[in-house]
Amino acid sequence: IAYWLALLRAPGVGPATFLGLLQHYPEPRILFEASTAQRAKLGLTRATLEYLNQPDWDSVERDLDWLKQPAHYALALSDPAYPPLLLEIADPPPVLFVHGDPTLLARPQLAMVGSRNPTPGGSETAQAFACHLAQAGLVITSGLALGIDGASHRGALEGGGATLAVAGTGLDRVYPASHRGLAHAIVANGALISELPPGAPPLPEHFPRRNRIISGLSAGTLVVEAAANSGSLITARLAAEQGREVFAIPGSIHNPLARGCHGLIKQGAKLVETAQDILEGLAPLTGIFTLPVKHLGEKGNETPLCTVEQKALLERLSFEPVAVDTIIRRSGLTPEVVSSILLTLELQGYVISSAGGCYSRIGNKELT
């Protein structure tokens, strides 16, 4: 593995060049042991050729020290444990660093991506879908980012399932730092993954590269909330190019974070209303056909609504955020009564509050 790690750090050698070199030298060790004249025929840059004469063994030694720690792995393309689906993409990472359980990389996976600044309803939807799909047997794969990524990881953990987080940094750091606790939970119930060696910082160019791994590991990609120019659409495009299923959850026509999903649906992505829609779409690839647990949106034993006014107010709410003043006008009730009812409905899990003093209905609960 030391020679794989040394070539990984060579300047001017990205995944495509690395794969090209393996066509001439099936093992990096053979390349490093080749003569200068032989390497000169490969069309490499001067900087790359100079590096091959004097590899950065100090950095490689630090990588090897990282690998000595518990549950730390480096899977080269030639490793039997390398995830088979990822091998199928055009530019698989030459080496995958893993912190956690590497066997999960070969399990059926669903990528879940979306906005870093979702609506409260979007976060809840992502978490609920991830929870139920993880319980059904899918590994939930995402990018550890704020917003939908984090909600998806948490949902999988909540459901007692497994989740994989593909990082845009070396695995000796957590980005964003606020997800440090989440990262520890993921390692205990899944794995952190990166193609970048320890020490790699969170540079902007690392994250589009990370996206191809998220989609490449997965049988399908689900986009929950995404603006028209969202980076999540890159992952969806990569999934389509890789021959994988693309799913999108629609939203309100007034919600700018729904436009990316609507655009995907226009382009042929499967419109998703329930978790079962995803299982049916992926069944030929995963062998998972049905949800084994309660339907998406069920919460357990909630307190039933107990007054006519509460029911009437809930019926006047939509699934998109509505300002309190609008709710008061629609209901004809006093501000004090509306505030009291909204608080009760929120505690009972029927509505959710969002920025600007707005409220919206959540889930698919029946009025009782």
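Residues numbered from 1 in each chain as written. Predicted model: local features only at pLDDT ≥ 70, side-chain atom pairs only at ≥ 80, totals over all residues. Heavy atoms only, no water.

Draft legend 1. Examining the sheet that holds strand β10 (residues 322-323) more closely. Strands sit in the order β10-β12-β11 across an open sheet of 3 strands; the sheet is antiparallel. On the outer flanks of this sheet lie β10 and β11 (351-354), each paired with one strand and no other. Looking at chain direction, β11 and strand β12 (residues 358-361) are connected through 4 bridges and run antiparallel. Note that in β12 the partner of Ser-354 across the bridge is Cys-358. Sitting on the sheet, helix α17 (residues 335-347) touches β11 and β12, and the angle it makes with β11 is about 110 degrees. (Pairing = 2+ DSSP bridges. Helix = DSSP H or I, 4+ residues; strand = E, 2+ residues; numbered from the N terminus. Contact = heavy atoms within 4.5 Å. Axes fitted to C-alpha atoms, helices over the stretch in contact; angles between N-to-C directions.)

Draft legend 2. Summary view of the packing of helix α15 (residues 308-315) against α17. For the pair α15 and α17, the least separation of the axes is 10 Å and the interaxial angle reads 85 degrees. Judged by the angle between their axes, α15 and α17 are roughly perpendicular. Within the contact between the two elements, α15 uses Glu-309, Gln-310, Leu-313 and Leu-314 and α17 uses Val-337, Val-338, Ile-341, Leu-342, Thr-344 and Leu-345. Grouping the amino acids of the contact of α15 with α17 by side-chain chemistry returns 7 nonpolar, 2 polar and 1 charged. (Parallel < 35°, antiparallel > 145°, perpendicular 65-115°, else oblique. Nonpolar A, V, L, I, M, F, W, Y, C, P; charged D, E, K, R; others polar.)

Draft legend 3. Geometry of the packing of aromatic side chains. Evaluated as defined, the whole model comprises 6 aromatic pairs. Measuring from ring centre to ring centre gives 6.0 Å for Trp-66 and Phe-97, while their planes differ by 80 degrees; the resulting arrangement is edge-to-face. On the criterion of sequence distance, the pair formed by Trp-66 in helix α6 (residues 57-67) and Phe-97 in strand β2 (residues 95-100) is long-range, its members being 31 residues apart. Per residue, the accessibility class of Trp-66 equals that of Phe-97, and both read buried. (Phe/Tyr/Trp six-rings, centres within 6.5 Å; stacked < 30°, edge-to-face > 60°. Buried < 20%, exposed > 50% of the residue type's maximum accessible area, 1.4 Å probe, protein only.)

Draft legend 4. How the structure looks around the sheet that holds strand β9 (residues 270-271). As summarised here, the arrangement of the 9 strands in space is β1-β2-β6-β5-β4-β3-β7-β8-β9, forming an open sheet in which the pairing is mixed. The strands lining the two open edges of the sheet, one partner per strand, are β1 (72-76) and β9. Where strand β4 (residues 139-142) meets strand β5 (residues 163-166), 3 bridges bridge the pair, whose relative direction is parallel. Along β5, the bridge assignment pairs Ile-140 with Thr-163. The sheet contacts of helix α14 (residues 275-286) involve β3 (109-113), β7 (220-223), β8 (245-248) and β9, and relative to β8 the element is tilted by about 170 degrees.

Draft legend 5. Geometry of the pattern of salt bridges. All chains considered together, the criterion is met by 10 salt bridges. For Lys-68, the salt bridge goes to Asp-65, with nearest N and O atoms at 3.5 Å. Using a relative accessible area of 64% as the deciding quantity, one classes Lys-68 as exposed. Several salt bridges converge on common partners, so that one network encompasses Asp-91, Glu-195, Arg-209 and Arg-212. (Salt bridge = Lys/Arg side-chain N within 4 Å of Asp/Glu carboxyl O.)

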